[in-house]
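Topology and contacts: notes
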Amino acid sequence: MHRSLALLLVILGFCQAKYIVPGGRWHDTNGSLISAHAGGITVVNDTFWWFGEYKVEGQVEGGGVSVYSSPDLATWTSHGLALTPIPGHQYISPQAIIQRPKVVWSEPKQEYHMWWHADNSSYGWLLQGLATSPNISGPYTFQTAVSPLGNWSQDFGMFTDIDGSSYALYSNGDSAQGRDDIVAKFNADVTALEEIVYTFQDFDLEAPSIVNTGKSYYAIMSHKTGYRPNNVVAFRAKSLSGPWSQPFPIAPLGTRTYNSQSGFTLTIKGTRKTTYLYIGDQWDSNSLWESRYIWLPMDIDDRKGTLKLVWNDIYDLNVKTGEYKAVAGKTYYAKDASTTGNAWKQEANFASEGIVATGIYGNDSTITFSGIEGTGKPQWVSFYYLNTDDMGFGDQPGGSPDRIGGAWQLRRIASVVVNGKTDQVESLFQRDSNKGIILSTPLLLTLDQGGTNTITVGGLYNGKSYNGADLDKIVVYPPEN
């Protein structure tokens, strides 16, 4: 039984709940870091297939399209490249732009169709690429790259409605004439666009996706700030042809959508509940291959016309029932920790216990949390932090992090040492936050069994300084069963 891109009404009978950890380093079943950025998920015969941009150090563009499969959205098996770059090819060479791939089943053609943003390195073409395969995992064979309905196409998304019709979602570039976002319908073969259904005129947004609850459509898009996160917004309508509402933020202002960008949505229709997932990217422009994934449930209220992301450090998702629940952890506060060097405890009325640890720097000014309970198995630990280096972040492109034209830092990097084992230093990326906004970032650590563990946090070099972010608390979560 074939399932198309965004119907994704998943009813699976054998999967148990699994941890999903937004912002964590996710690894496949071979232990390799998952590289499937700005992608989409297609469901075939109760299996999730995740396609995305393949980015590795030294090849952050033109790396092709990777593909992974999973029975539960948490355990991912790599199938290599679904679309492999071809040296010298006009549109899919290693020098080309191959971004935001999406895959859908074409019933008339009896094959899978992959569409993506196809471009040259200067973003001068603004095309949509098409490749096909008889197999969901590929390999996919390039077919064409086109200008959709005579327009430009930059950030690309796809949506398949409940009736099986598929739509392309795309922004039309960054020029003065290219400030629109377009919903266009594919033909029955999903080989070409046949009509524009709606144009979000002059909103100048990107990274589009759509979710249909059966009562309302919600179009989710981000502002254009490159790889810097911003306040992602949503529109609501009763019909794809509109009228659409004014845009509204989907996460608390100041969190910059938990430092993520939109790109796709996934609907899990379980036996007990329907859960809508936001499938976002947490970009790291200093090392794009280290970019992470922010997957969060969406709380949608059709009566009020609202859509809000639900933050959890870790949550269990059961794709059979459609239910999810936050995982409970044990909290250790900075106010109870010890500091060395110039690190100190500072009043912060927005912090959990009114205190943050600040002045963390290198190996000499650190904070140590003691008496931590462990299991002897790998456990996720969330570090709640504050990092206001780049306060120039906004929802507009360009700009600088301060009024004196400084350089973007984008994240601090902390060192994390368990039980004084300085030969086993873990790195923790702490991306920018706004003043008074505390965010969290997870790290998988192995603690000794018992209640005498210590976690010491210092600073590593981020290209500008050895500062670690200010810390509010850590939360230690139980291992997965």
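Assigned secondary structure in the chain consists of one helix and 34 strands. A compact globule built from 481 residues should have a C-alpha radius of gyration of about 23 Å, and the chain, at 22 Å, falls within 12% of that. Along the longest, intermediate and shortest principal axes, the C-alpha atoms of the chain span 65 × 55 × 50 Å. In the chain, which comprises 481 residues, the share counted as buried stands at 58%. Put simply, 59% of the contacts in the chain that link residues at least 6 apart link residues at least 24 apart.

The subject of this paragraph is the confidence of the model for the chain. Averaged over all residues, the pLDDT of the chain is 93; the fraction at 70 or higher stands at 96%. Counted against residues more than four places away or in other chains, residues 6-17, with its pLDDT under 50, gives 45 contacts.

A cis amide bond links Gly 138 with the next residue in sequence, Pro 139, at an omega value of 5°. Between Gly 242 and the following residue, Pro 243, the backbone shows a cis peptide bond with an omega angle of 5°. Inspection of the secondary structure puts Pro 243 in the loop between strand E16 (233-237) and strand E17 (248-249). In the Ramachandran plot, Asn 45 falls in the positive-phi region, its phi being about 50° despite a non-glycine side chain. Inspection of the secondary structure puts Asn 45 in the loop between strand E2 (37-44) and strand E3 (47-53). Of the residues examined, Asn 45 reaches a relative accessible area of 44% and is grouped as partly exposed.

Strand order across the open sheet formed by four strands is E18-E19-E20-E21, with antiparallel pairing between neighbours. Whereas interior strands pair on both sides, the edge strands pair on one side only; in this sheet they are strand E18 (261-269) and strand E21 (306-309). Across the sheet, the mean angle separating the axes of adjacent strands is 30° when strand polarity is ignored. Pairing analysis gives seven bridges linking E18 to strand E19 (residues 274-282), with the strands arranged antiparallel. The residue bridging Ile 268 from the neighbouring strand is Thr 275, located in E19.

Let's shift gears to the packing of aromatic side chains. This structure, assessed with the given rule, holds 26 aromatic pairs. For the pair Tyr 91 and Phe 142, a centre-to-centre distance of 5.7 Å together with 15° between the ring planes defines the contact as stacked. Placement of Tyr 91 in the loop between strand E5 (77-83) and strand E6 (97-106) and of Phe 142 in strand E9 (residues 141-146) is noted, with a sequence separation of 51 residues between them. Classification of Tyr 91 as buried rests on a relative accessible area of 18%. Linked through ring pairs, Trp 26, Trp 50, Tyr 68, Trp 76, Tyr 293 and Trp 295 together constitute an aromatic cluster. Across from the ring centre of Phe 429, 4.6 Å away, lies the NZ or CZ of Arg 411, which sits over that ring. Here Lys 473 stacks its cationic end above the ring of Tyr 384, 4.5 Å away from the centre of that ring.

Attention shifts here to the sheet that holds strand E31 (residues 426-431). Overall, antiparallel pairing links the five strands, which are arranged E25-E28-E33-E30-E31 in an open sheet. A single partner strand is all that each edge strand has here, and the edge strands are strand E25 (338-339) and E31. Inspection of the sheet shows strand E30 (residues 411-418) paired to E31 by six bridges, in the antiparallel sense. When the sheet's bridge partners are listed, Val 416 is paired in E31 with Glu 426.

Right, let's talk about a nonpolar patch on the surface for a bit. A cluster of nonpolar side chains, Tyr 361, Tyr 461 and Tyr 466, forms an exposed patch at the surface whose accessible area comes to about 330 Å². Looking at the element boundaries, Tyr 466 is found in the loop between strand E33 (450-460) and strand E34 (470-476). By relative accessible area, which is 39% here, Tyr 466 ends up partly exposed.

Relative to the helices and strands, Asp 432 resides in the loop between E31 and strand E32 (439-446). Arg 256 provides the closest opposite charge to the buried, unpaired Asp 432, separated from it by 5.5 Å. Within the structure, the side chain of Asp 432 is placed 3.1 Å from the side chain of Asn 387, a separation counted as a polar contact.

This part covers the pattern of salt bridges. The full count for this structure, using the stated rule, is 14 salt bridges. In this structure, Asp 389 and Arg 412 form a salt bridge, with 2.7 Å as the shortest nitrogen-oxygen distance. Within this pair, whereas Asp 389 is found in the loop between strand E29 (378-386) and E30, its partner Arg 412 is found in strand E30, the two being separated by 23 residues in sequence. Note on Arg 412: relative accessible area 13%, which makes it buried. Salt bridges here are not isolated pairs; linked through shared partners, they connect Asp 174, Arg 179, Asp 204 and Lys 224.

Reading guide: rules and limits
Residues numbered from 1 in each chain as written. Predicted model: local features only at pLDDT ≥ 70, side-chain atom pairs only at ≥ 80, totals over all residues. Heavy atoms only, no water. Helix = DSSP H or I, 4+ residues; strand = E, 2+ residues; numbered from the N terminus. Rg over C-alpha atoms; globule rule 2.2 N^0.38 Å. Buried < 20%, exposed > 50% of the residue type's maximum accessible area, 1.4 Å probe, protein only. Contact = heavy atoms within 4.5 Å. pLDDT = per-residue confidence, 0-100. Pairing = 2+ DSSP bridges. Axes fitted to C-alpha atoms, helices over the stretch in contact; angles between N-to-C directions. Phe/Tyr/Trp six-rings, centres within 6.5 Å; stacked < 30°, edge-to-face > 60°. Lys NZ or Arg CZ within 6 Å of the ring centre and 35° of its normal. Patch = residues over 30% accessible without salt bridge, like charges linked within 9 Å, V, L, I, M, F, W, Y side chains within 5 Å. Areas by Shrake-Rupley, 256 points an atom, 1.4 Å probe, with all protein chains shown as cover. Salt bridge = Lys/Arg side-chain N within 4 Å of Asp/Glu carboxyl O. Lys, Arg positive; Asp, Glu negative; His and termini not counted. Polar contact = N/O pair within 3.5 Å; in protein donor to acceptor, adjacent residues only side chain to side chain.

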